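What follows is the residue order along each chain.
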Amino acid sequence: MRGIRSIVLAVSVLAFAPAFAHADPPPPIFTPEEQCDTTRDLVNNIRAAKPDATPEEIADAFVNYMDSLGAYARVPQAKESDRQITLANIERCGLA
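The rules we used
- Residues numbered from 1 in each chain as written.
- Predicted model: local features only at pLDDT ≥ 70, side-chain atom pairs only at ≥ 80, totals over all residues.
- Heavy atoms only, no water.
- Disulfide = S-S within 2.5 Å.
- Helix = DSSP H or I, 4+ residues; strand = E, 2+ residues; numbered from the N terminus.
- Buried < 20%, exposed > 50% of the residue type's maximum accessible area, 1.4 Å probe, protein only.
- Expected span 1.5 Å × (residues − 1).
- Arc of directions from axis to C-beta.
- Axes fitted to C-alpha atoms, helices over the stretch in contact; angles between N-to-C directions.
- Parallel < 35°, antiparallel > 145°, perpendicular 65-115°, else oblique.
- Contact = heavy atoms within 4.5 Å.
- Nonpolar A, V, L, I, M, F, W, Y, C, P; charged D, E, K, R; others polar.

Considerations on the state of the cysteines
In the structure shown here, the tally under the stated rule is 1 disulfide. The disulfide partner of C36 is C93, and the S-S distance across this bridge is 2.0 Å. Sign of the S-S torsion, about -85° for the bond between C36 and C93, identifies this disulfide as left-handed. With a gap of 57 residues between them, C36 in helix α2 (residues 32-49) and C93 in the segment after α4 (78-92) connect regions that are remote in the sequence. With a relative accessible area of 13%, C36 lands in the buried category.

Set out below in structure tokens:
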């Protein structure tokens, strides 16, 4: 009896797995406008202290700040990802 329940459960799970595997990805958390607003605030704050800061310096300052808060303690590879996203947002939003 136990074996039959296991098989029925496995077949049930496998029957639904393809539906989940082809599901649409979740929508982005922020709209492009919200991303630009947030990036603009970041750029303005850093350039208030250092008016000639380059996009690379701004991205580095952001990830270093986040790192100081422990944001990358469990996922260190996210640091470079956040740096690249910040650089892309600076470029896309015309904030270079």
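Structural notes on α4
Here α4 is 15 residues long and its end C-alpha atoms lie 20 Å apart, about the 21 Å a rise of 1.5 Å per residue gives. For α4, the complete set of buried residues consists of R83, T86, L87, N89 and I90. On an axial view of α4, the arc spanned by its buried residues comes to 160°, and they lie on one face. Looking at the residues trailing α4, positive phi occurs at G94, about 70°.

Brief notes about the packing of α2 against α4
For the pair α2 and α4, interaxial distance at closest approach is 9 Å and the crossing angle is 100°. On the basis of their axis angle, the class for α2 and α4 is roughly perpendicular. Residues P32, Q35, C36, T39, L42 and V43 of α2 form the contact with α4, whose own contacting residues are T86, N89, I90 and R92. Residue composition of the contact of α2 with α4, grouped by class: 5 nonpolar, 4 polar and 1 charged.

Any functional reading would require information beyond the geometric quantities listed.
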